Amino acid sequence: MDVGVSTRDVQQFDGDAVAVGIFSDDKELQGPAAAVDEAMAGVIARLRDSGEITGAADELTLVHTFGKIEPERVAVVGLGARKHFNLERVRRASAISCRALRKAGAKRIGLALAWAESGVNLAQAARAATEGALLGLYRFDRYKSAATQEGGADDEVGGVDGASAETSERAAKELDSITILGRGREPALRAAVTRGQILAEATNFARDLGNEPANVLTPTEFAERARRMAEEVGLDCEIFGPERMRELKMGALLGVAQGSAEEPRFIILRYRGGARDEPGLALAGKGITFDTGGISIKPAADMDAMKMDMCGGAAVVGAMMAIARLKPAVNVTGLVPATENMPGGKAYRPGDILRAANGKTIEIVNTDAEGRLVLADALSYAIEHKYSPIVDIATLTGAIVISLGHLRAGLFSNDEALVRQIQASAESAGERVWPMPMDAEYGAMIKSEIADVKQTGGRAGGAISAAKVLSNFVDNTPWAHLDIAGVNARDKREPDGDKGATGFGVRLFVELATQLAERKGDRSRAVEATV
Ligand code: BES
Ligand code: ZN
Ligand code: ZN
């Protein structure tokens with residue numbers, strides 16, 4: 001998909017359709033909406049007077065232009081009240097308009113969502129609109145043959161949808177181009193749009209990995225896709241099989257993997273944009289390609305969702321893809337321990353004791369708590385290589401879903417400065433996190449009488465005891481853990497994405513790497529200034 005910018009007036013945009021935004025509390029139409037209205041003899045104003053268009057957030061109305069202006073269709077999208085307008089609204093408005101216009105058969109879309117009139121930063125708005133469009137247009141339909149494609153409830157979100165009767169086939173419909181229409185410094189707008197596109201494409205890449213069924217995305221295939229991506233964007237990629245894992249004494253990862261007929265993989269992606277002698281940031285993602293629970297087997301209901309138990313790993317791989325394309329001045333290493341968690345004659349059992357790569361022993365209580373085990377070896381590897389800070393991301397516990405629901409990821413850490421940094425990154429990425437407690441006393445839950453650490457700490461505070469287990473493998477290095485079990489997937493479509501994997505974490509990580517690079521720049525400039 002081609003995404004560009006143009007400083008042309010909306011009436012002159014030479015595509016099939018444009019989207020214009022309207023605020024709910026404006027007395028008069030403004031900006032692009034006013035321009036289109038004037039060219040079309042007051043049609044939009046009349047629809048507003050009649051109450052058909054109110055400007056409420058997420059409202060969408062398609063209007064035909066019958067040759068009055070260049071584009072054939074106008075999508076009038078509600079932006080809500082001015083005082084609540086922000087980049088999130090831009091993302092949603094962009095997503096809703098693009099989906100509706102694609103459904104209506106448009107190929108070349110222009111977006112003029114009243115940014116000049118809203119007070120938001122134009123470059124940031126252009127980036128948000130690009131992200132919203134590409135994330136909103138995403139769908140995972142590669143296994144649906146043309147004959148079974150359908151329009152379905154595709155675009156019902158967002159209210160009025162003039163296009164709903166016009167379509168029955170999704171298959172033929174892909175957009176060719178999206179153009180952000182705005183009056184601003186073109187190079188700055190172009191850079192912002194490119195950044196938005198890189199972030200959205202990386203997020204969609206992570207979503208694809210998450211949505212692939214587990215019979216396709218085995219650990220081997222996961223590693224292959226990471227390797228292919230690495231080749232395309234110029235990342236260094238190394239993949240360990242079971243033999244190398246045994247040499248490195250990754251007994252926790254191997255323990256989980258031993259019940260599966262599929263071989264495990266340990267994926268390493270390296271990006272170097274910083275100082276030669278600095279290990280830099282490590283991102284570690286849980287890569288369980290299917291979690292049956294193992295011998296402590298899960299109930300059948302919703303077990304299919306456990307094909308997405310590798311979304312942490314996918315977020316790391318997606319973030320590395322965007323980082324390679326954006327080239328921040330920092331070193332970043334992505335680590336993904338990938339395996340299935342299966343029951344069987346060779347599977348590990350409750351009561352077993354496993355030894356992780358850092359030498360610590362873990363008393364197994366429940367084979368369904370496998371994520372912390374594979375991460376124990378990934379974190380040990382990160383410590384061994386002196387990466388700092390270390391951030392892991394995992395669909396780790398059902399308990400975090402009980403704590404925070406499906407809106408925010410749980411953020412655990414041993415370092416307050418890192419917590420603030422991740423909160424700031426999450427904020428500018430538009431992904432939500434919430435800090436969770438890590439008091440030393442919680443450690444009592446995972447004391448073992450026969451090993452160095454007990455694998456689980458019971459139902460109460462389950463997400464916290466899981467984080468405490470992880471903390472055993474990071475020494476005193478600044479470390480943070482994101483539990484994304486509540487946000488890695490959704491069970492119905494929303495404006496910012498389809499049902500299925502969300503790609504949560506990709507944008508947050510890219511933002512974090514960017515901010516670390518910028519801070520380092522600030523610091524070395526400060527040093528230069530003082531000498
Ligand atoms: N992959 C699951 C956690 C999960 C639950 C992810 C729901 C997404 C949605 C994890 O491996 C798991 O099963 N955790 C157990 C741990 C327990 C046995 C201590 C859990 O949360 O129930
Ligand atoms: Zn599990
Ligand atoms: Zn799991």
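Residues numbered from 1 in each chain as written. Chains lettered and ligands numbered in written order. Predicted model: local features only at pLDDT ≥ 70, side-chain atom pairs only at ≥ 80, totals over all residues. Heavy atoms only, no water.

A. Summary view of the coordination of the zinc ion (ligand 2). Binding of the zinc ion (ligand 2) to the protein goes through Asp 291 (OD), Asp 368 (O), Asp 368 (OD) and Glu 370 (OE), at separations of 2.0 to 2.2 Å. The coordination sphere of the zinc ion (ligand 2) comprises six donor atoms, whose angles at the metal cover 71 to 168°; the geometry is irregular. Here the donor residues for the zinc ion (ligand 2) map to a single chain with the spacing D-x76-D-x1-E. The distance between the zinc ion (ligand 2) and the zinc ion (ligand 3) is 3.2 Å, with Asp 291 acting as a donor to both metals. On the basis of relative accessibility, which here comes to 22%, the residue Asp 368 falls in the partly exposed class. Residue classification places Glu 370 among the buried residues on the basis of a relative accessible area of 0%. (Donors = N, O, S within 2.8 Å, 3.2 Å for Na, K, Ca; no water. Tetrahedral: all angles 85-135°; square planar, octahedral: opposite > 155°, others 65-115°. Buried < 20%, exposed > 50% of the residue type's maximum accessible area, 1.4 Å probe, protein only.)

B. Layout of the domain arrangement of the chain. Taken domain by domain, the chain holds domain 1 (2-137 + 175-196) and domain 2 (217-349 + 366-446 + 459-522). Computed over C-alpha atoms, the centres of domain 1 and domain 2 are 37 Å apart. If you look at the interface, domain 1 gives eleven residues, while domain 2 gives twelve residues. Summed over both sides, the interface of domain 1 with domain 2 buries roughly 960 Å², with 44% coming from carbon and sulfur. Looking at the side of domain 1 facing domain 2, the largest losses of area belong to Arg 99, Leu 135 and Arg 195, adding up to 49% of the total buried there. Our enumeration of links across domain 1 and domain 2 arrives at three salt bridges. For the pair domain 1 and domain 2, the interface holds three residue pairs in polar contact (both at pLDDT 80 or more). If you list the elements that add at least two residues to the side of domain 1 that touches domain 2, you get α3 (87-103) and α5 (122-137). By residue class, the composition of the side of domain 1 that touches domain 2 is three nonpolar, one polar and seven charged. (Domains from an automatic or database assignment. Contact = heavy atoms within 4.5 Å. Buried area = accessible area lost by both parts, 1.4 Å probe. Salt bridge = Lys/Arg side-chain N within 4 Å of Asp/Glu carboxyl O. Polar contact = N/O pair within 3.5 Å; in protein donor to acceptor, adjacent residues only side chain to side chain. Helix = DSSP H or I, 4+ residues; strand = E, 2+ residues; numbered from the N terminus. Nonpolar A, V, L, I, M, F, W, Y, C, P; charged D, E, K, R; others polar.)

C. Region of interest: the site of ligand 1. Taken together, 15 residues lie around ligand 1, and Asp 291, Lys 298, Asp 309, Asp 368 and Gly 398 are the ones closest in. Measuring from an oxygen atom of ligand 1, one finds a side-chain N or O atom of Asp 291 at 2.9 Å. Asp 309 has a polar side-chain atom sitting 2.9 Å from a nitrogen atom of ligand 1. Its free accessible area being 520 Å², ligand 1 has 75% of it covered by the protein chains. Here the shell around ligand 1 is built from residues that sort into three nonpolar, five polar and seven charged. (Near = heavy atom within 4 Å. Areas by Shrake-Rupley, 256 points an atom, 1.4 Å probe, with all protein chains shown as cover.)

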